[in-house]
Amino acid sequence: MDIELIEIREFLAAHHPFNQLPDAELDKLPSALELSYIRRDTLIFSPDMDPHYLYIIRSGAVEVSDKHGLLLSRRGEGDTFGARSVLRGRTRFNVRAIEDTLVYKLPRFKFKQLCDHYEYFAYFYHADGAARLQDAVQQQTTSRGDHDVGLMTLQIKDFLSRKCVMSSPDISISAAAKKMTEEMASAILICDHEKLAGIVTDRDMRSRCLATEMDSKAPVSSIMTVNPYTINQEDYAYAALLLMSRRNIHHLPVMHQGKVMGVISASDLIQRQSASPIFLVGDIYKQTTIAQLAETSTRIPQVLVTLIDADATAHSIGHMISILGETITTRLLQLAEEKFGPAPVEYCWLSFGSLARLEQTAQSDQDNGLLLSNNYDPQQHGEYFEKLAQFVSDGMNACGYDYCPGNVMATNTSWRQSLSGWKHHFDNWINKPEPKALMHASIFFDMRCLYGKSELLHELQQYVLALSKANRIFLAYLAGNALHHTPPLGFFRRFVLVNDGEHNNTLDLKHSGLVPIIDLARIYALASGINAVNTQSRLELVGGLGEVSTQGAADLKHALELVSMIRLRHQARMIKAGGKPDNFLLPDELSNFERNHLKDAFEIVRTMQAAIGQRYQAGRF
Amino acid sequence: MFEHFFTIEQLRKRCLNKTRSGPLADYLSEPFASPDNKLNQIEFLALDLEATGLDFQRDEILSVGFTVVRNMSVILAESDYFLVRPKQAIPENTAIIHHIFDDASSKGLELEHALLKILKALQGRVLLAHHANIECGFLNRACQQVFGSGIMFPLVDTFTIEFKSLKRRGVTPYNQGMRLASLREDYNLPRYPAHNALSDAIATAELFLAQIAHRSGLDEMKLKDVMSRC
Amino acid sequence: MDLQTLTLLVVGATFALYIAIALWARAATTGEFYVAGKGVHPVANGMATAADWMSAASFISMAGMISFKGYDASVYLMGWTGGYVLLALLLAPYLRKFGKFTVPEFIGERYYSRTARIVAVICLIVASITYVIGQMKGVGVAFSRFLEVDFATGVLVGMAIVFVYAVIGGMKGITYTQIAQYVVLIFAYTVPAIFISLQLTGNPLPQLGLGGSMSDGVHVLEKLDLVLQDLGFSKYTEQKGGTLNIFLLTLSLMIGTAGLPHVIIRFFTVPKVKDARSSAGWALVFIAILYTTAPAVGAMAMFNLVKTVQTEEVGSATANLVYEDRPSWFSNWEKTGLLGFEDKNGDGRIQYYNDKNQEFAAKAEQLGWKGNELTKIDNDIMVLANPEIAGLPNWVIALVAAGGIAAALSTAAGLLLAISSAISHDLLKGVFVPNISEKKELMAGRIAMAGAIVLAGYLGMNPPGFAAEVVALAFGLAASSIFPALMMGIFNKRINSSGAIWGMLSGLTVTVVYIFVFKGWFFVPGTNNLPNTPDNWLLGISPEAFGAVGALVNFMVAIAVSRVTKAPPDHIQHMVEDIRVPKGASAATEH
């Protein structure tokens, strides 16, 4: 009968370490297996459980992380996990499916049997060999306390973003130096007819040329390192780091099938390691000048790429990137208070829009305001807060959060108001709604306190929600506005592509994908008196409260995650390619599977929009 | 057509009353799994069979493969596969599909012997198949031939599960996309060579696990939520 | 080009225009995020309101009624205009302050009761559907004439078009489409009126023409009185119904307006109270253009009709039109079944006179007339046939068709949207299935819309009266049920939920029963208990006018029930007081 399980046998035979087992054992192995299907995002086991199986991944992928959530490794098809847990009799890590995963489960006793019988098998799984290497790198990262996702799971090719600087062996040393300076490169690869001949680094220039007073007209080949160590682009990053530290070198040419693909430096790797949000938050607090903050904040795009590569959810990515913006703001306010002295009255620094919703991805314009206590007297305290606002706003601008073109900034007196002044603003928006004005004002309904006395905001929010909940006319206006941006889906579920001359034949993932969902969630929240501002939280809270059905809210939440994720991946691709991330996706970038899901998501948004349109007769507003 | 008004237990008893004593009656005398049981408390028998054709009135069973699903895991140790000896020669056009030729099949089991194995495996379990009409039809016909009356069993059909959920989402399922292989692809399951009864049975079992994992979750789902009727 | 093709072209062109405008408005309002703008201008909103307001009843039927009923029919003018003012001044500002844009929402909140809300929804749906019947009748007449098919087919075509239009009508930018509809409608109404006024009086302004004199120096109205009296009809300018009836009918029409959802919502589509006021003012101006033209159109159309049939002095042997020589418009309207001729005395000529008039009977006998031979003239054909009777060019006739359809469409679409929202949201989601999925909610709305159209279409084909009368019934129902609940909700804090519910129910029931007794149960012809004539009416009050009585009953029941039951909770009483005091004043001064 075993012969009928031949497909499974063949699979095992093709993967390490099962391929080391004798044929007779392999023949018997399939019938000992059990099979499970694990849905994406399901926790397979967590620390301190009694392990029963060795897991062999038939298809899909899982992520192993320690109990603090630090990512240790990612395993894919043909990999195994749970081995050392079985041997120790206790699980140590969290293992979570990151794709829909089919696993073969080898029962504990059978696995132990194999380990007892076959030395190689045991060796593979014991803390030695490959495993020991893995442990070493793991140790290195954990001991630094750096919650990093990078080096264990990233491949060298993930680091190759900039163009590689190359030259032929016969150009002069000075020409090579000039080229390196122009390209801001710390190493140049010397190629002879497409074949890698050597490498010259900054250090070589210094020690082999300047220090020896060599003629700078001499050919560059005279100072190059011949036949340097190289690394393949499929190798993991930690391998490069190990090689560099072992050989005390800082640059490695990257190869792919014998061809030069680029060069990777130690600083590329280090930089990536520090491209962890937690690390960056710490760094931001250490900066003492705007210039330093600006410098630090240039690392944000890299953090984004790292997080996307680590397959974090769009929700958590938005959260982390927004926290960085919040941290920069906070630091700026601390610096401002150091400079201008403590605030004369209590205040609350507000942010609006995506930063407030915790949904920022790439850095965008700053939208902020100052909410001052009712003790605020413009005559007496006006100057202080004006200076404060100007300082923070300039600082944000320097850090890559451009000035808001609509002037929604604390520097604008309209948005630097006492509590009753803000109440008056909201009174106007809600009780005298005007479509255009509301469209501009919608970001004010997504507000969060970044720094200062959050009770002030809380009071304002309670006031706003009480008004908005009761005023259906206002909600109808919001609903009318929410229908401005419609999902790009035509008849027969075809994509409707942008055709504005600049981004032809693309999908605008922001305005036709995310904005409609954000708008809907805002209406639901305001109508139900929910004070959450994050879109996902809003959707989680409003379902079934009367404004939207449980099913509808859940559907929208999934649509949101899907569209956000597709947008993030698109942006990560652009950053890696060295460009500035945008929201315009070519449909060809999508797989069939993604395309169908995206259409489903758009369909959901369309239905929800139509429903709210019908309810509020929104076509008339 | 009134069958839908009866519970499956009532149907089993009716069926038992019509059956003369013997292996089939023994099988039917044991209660079926309750539709109110949760899925992870139920054992399934994923079964697939190959036949000389698709017409169960005329064609004959050639091979049977099955495996057990317990606690929502496929237990390969309890899987089985065997050939069945048909009375007539295997038509060439079907042999091309399932690669069972006369000389191999002549070493197969007698139909009665094969049915005994199936009944034993099915006892206390729920039949799991993809597009179960075929399996239902052939098993029923075979039991009529061998034991003089038809069989019945609780049934879960992965085809029906998918069909219903597509309908609920307002999608019109099209035939091509509802085949076992295409559905497996939708659930990120690996490609298997088709048309071996055991590998199809395993493939069906995996698809079932995937379908359930993607629906409201094990804790809430009961047998009645996924059960079909023959 | 023949008239039919031309009409199709003109109607088609106006449709293309509406859709193009809707698409343009949609595109224009999308995407310009930081561009300052003002929303819809009050003048534009006034036009849109006027289009919403003026239904097929206003466009098609009112003048027709005036033609046949004379002076009496002017109550429609007064009632509807007055109702509009009432709504604009008395109700809309308070509802806005309350933050509710539909009546059931207001009533549900004010009377803190789901039951009250359901009752209000039902009253509204009944009134709205009745109103849609009038629109269906209107489009049916227009289509049947210009497609040259019978009336039933015309209604079916109209139903299909209204449904499609109403589904599209949910689109953004409908306001701009309605402005276009107003322009089409007002042109279609005034252009033929000007032509006819010029023909008859030499004065291009129909309003002045009506008061002026004809080429022979006799005043138009005097001349019309004479002509009609010659045929045994009563004087055009004479009051025929009882004064009480006239008063109550006017009142019903006025207060019935208050509850109609498609008009109320218009007051909220301009952002500021100030703008709402000025747009209401503009709407009144735009409505007045048509309403002041209507009496002239009615009188002149009647004059032309009689003159067509009775070409010379009564008594002259050749004075009556020979049937075989009848003009083409005559035969075309015959095809629709809305105009009928029967040669009772076999002389091959058409006699149109009042055969119910005993005094005139002797004269008719003497002339050899055996009864009125125009056995059927549907009032609704008057406006549409008017340009044809006056022999105006074909393009004017085509324009009138487009105008009539525009009037019916804008009103029907507004009502149907309100009905579908009321059923799917207020009733289904609000009461019966709170967690209904959005997909089903949408579906329910569409089904409700289709259902309302089918029902209204059916009742339009088997009508209890002509369009304006059906609409009058709708107003009566709204007047008896919703208006009192709204008024008391705003102005009397003591009214509680049971008072309101019982008030609405009794007002509606009294009115509905009274109507059914005379008009047939559920308007099915032949099921009426009493003949629908003034002698049988209670105190001479016609069913159309009974809404005001229903409203009175509503008021009395509500007040009585509220007296004997518990007062509304404090927060409701405060709320009612707050509505009438400017809200947010304290916050503003604090600032």
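Residues numbered from 1 in each chain as written. Chains lettered and ligands numbered in written order. Predicted model: local features only at pLDDT ≥ 70, side-chain atom pairs only at ≥ 80, totals over all residues. Heavy atoms only, no water.

## Brief notes about the interface of chain A and chain B
In this assembly, 20 residues from chain A lie in contact with 25 residues from chain B. Around 2000 Å² of area is buried between chain A and chain B when both sides are counted, 58% of it from carbon and sulfur atoms. Where chain A meets chain B, there are zero salt bridges. Joining chain A to chain B, the criterion identifies twelve residue pairs in polar contact (both at pLDDT 80 or more). At the level of elements, α1 (6-13), β1 (34-38), β3 (53-59) and β8 (101-107) of chain A are the ones that each hand at least two residues to the side of chain A that touches chain B. Looking at the side of chain A that touches chain B element by element, the count peaks at four residues for β1(A). Looking at the side of chain A that touches chain B, its residues break down into ten nonpolar, three polar and seven charged. Note: β1(A) against strand β3 (residues 73-83) of chain B, two bridges, orientation antiparallel. The residue bridging A:Leu35 from the neighbouring strand is B:Val74, located in β3(B). (Contact = heavy atoms within 4.5 Å. Buried area = accessible area lost by both parts, 1.4 Å probe. Salt bridge = Lys/Arg side-chain N within 4 Å of Asp/Glu carboxyl O. Polar contact = N/O pair within 3.5 Å; in protein donor to acceptor, adjacent residues only side chain to side chain. Helix = DSSP H or I, 4+ residues; strand = E, 2+ residues; numbered from the N terminus. Nonpolar A, V, L, I, M, F, W, Y, C, P; charged D, E, K, R; others polar. Pairing = 2+ DSSP bridges.)

## Brief notes about the packing of helix α13 (residues 290-297) of chain A against helix α15 (residues 314-340) of chain A
Residues and elements named next belong to chain A. Two elements in contact, α13 and α15, have axes separated by 11 Å at closest approach and are oriented at 175°. With respect to α15, the element α13 is oriented roughly antiparallel. Contacts between α13 and α15 involve Ile290, Leu293 and Ser297 on the former and, on the latter, Ile328, Arg331, Leu332 and Leu335. A class-by-class count of the residues in the contact of α13 with α15 yields five nonpolar, one polar and one charged. (Axes fitted to C-alpha atoms, helices over the stretch in contact; angles between N-to-C directions. Parallel < 35°, antiparallel > 145°, perpendicular 65-115°, else oblique.)

## Topic: the confidence of the model for chain A
Averaged over all residues, the pLDDT of chain A is 81; the fraction at 70 or higher stands at 89%. For the stretch residues 127-149 of chain A, pLDDT sits under 50, and the model shows 37 contacts to residues farther than four places along the chain or on other chains. (pLDDT = per-residue confidence, 0-100.)

## Quick word on the packing of aromatic side chains
Residue and element names in this part refer to chain A. This structure, assessed with the given rule, holds 33 aromatic pairs over all chains. Here the aromatic rings of Trp415 and Phe444 are separated by 4.5 Å at their centres, their planes lie at 40°, and the arrangement is tilted. Residue Trp415 is located in the loop between α17 (378-398) and β18 (416-418), and its partner Phe444 is located in the loop between α19 (435-441) and β19 (447-452); the two are separated by 29 residues in the primary sequence. Assessed through its relative accessible area of 13%, Trp415 is described here as buried. On the accessibility criterion, Phe444 (2% relative accessible area) is buried. Between Trp422 and Phe444, the aromatic rings sit 6.1 Å apart at their centres with planes inclined by 55°, giving tilted as the arrangement. (Phe/Tyr/Trp six-rings, centres within 6.5 Å; stacked < 30°, edge-to-face > 60°. Buried < 20%, exposed > 50% of the residue type's maximum accessible area, 1.4 Å probe, protein only.)

## Brief notes about the pairing of strand β15 (residues 259-265) of chain A
Residue and element names in this part refer to chain A. Burial runs high along β15: five of the seven residues are buried. Relative to β15, strand β14 (residues 251-256) runs antiparallel, the two sharing six bridges. Bridged to Pro253 within β15 is Val263. Where β14 hands over to β15, the hairpin turn is made up of two residues, of which Gln257 adopts a positive phi near 50°.

## Re the pattern of salt bridges
Residues and elements named next belong to chain A. One pass over the full model with this rule turns up 32 salt bridges over all chains. Of the charged contacts in the structure, one is a salt bridge between Lys453 and Glu346, with a shortest N-O distance of 3.6 Å. One end of the pair, Lys453, is in the loop between β19 and α20 (454-470); the other, Glu346, is in the loop between α15 and β16 (347-352), and 107 residues separate them in sequence. Under the relative-accessibility criterion, Lys453 is labelled partly exposed at 28%.

## Things to note about the nonpolar core
Within the largest apolar cluster, 266 residues are counted, with the highest numbers of intra-cluster contacts made by A:Phe444, C:Phe59, C:Trp80 and C:Ile107. Considering every element that reaches this core, the biggest residue donor is helix α17 (residues 394-432) of chain C, with 20 residues. If near-sequence neighbours (up to four positions away) are discounted, A:Phe444 is found in contact with A:Phe352, A:Val408, A:Trp415, A:Trp422, A:Phe426 and A:Trp429. If you look at the next biggest cluster of nonpolar residues, it comprises 100 residues, including B:Ile42, B:Leu119, B:Ala142 and B:Phe159. (Core = buried A, V, L, I, M, F, W, Y, C linked by side-chain atoms within 4.5 Å.)

## Focus: unusual backbone geometry
Backbone geometry places B:Met72, a non-glycine residue, at a positive phi of 60°. Among the structural elements, B:Met72 can be located in the loop between β2 (61-70) and β3. Phi is positive for C:Tyr112, which is not a glycine, with a value near 35°. With respect to the secondary-structure elements, C:Tyr112 resides in the loop between α5 (103-110) and α6 (114-146).

## Regarding the sheet that holds strand β7 (residues 94-97) of chain A
Residues and elements named next belong to chain A. Spatial strand order, β2-β7-β4-β5: four strands in an open sheet with antiparallel pairing. At either margin of the open sheet sits one strand with a lone partner, and together these are β2 (43-45) and β5 (71-75). Direction aside, the axes of adjacent strands within the sheet are offset by 25° on average. Two strands pair when backbone bridges link them, and β2 and β7 are joined in this way by two bridges, in the antiparallel orientation. The partner of Leu43 across the bridge, within β7, is Arg96.

## Considering the sheet that holds β19(A)
All names here are of chain A. Across the sheet, which stays open at both edges, the four strands sit in the order β18-β17-β16-β19 with mixed pairing between neighbours. Of all the strands in the sheet, just β18 and β19 have a single pairing partner and so form its edges. Taking the axes of each pair of neighbouring strands and ignoring which way they run, one obtains an average angle of 30° across the sheet. The sheet contact formed by β16 and β19 spans five bridges and is antiparallel. Looking at the pairing, Ser351 lines up with Arg448 of β19. In the packing of α20 onto the sheet, the strands contacted are β16, β17 (368-372) and β19, and the crossing angle to β19 comes to about 160°.

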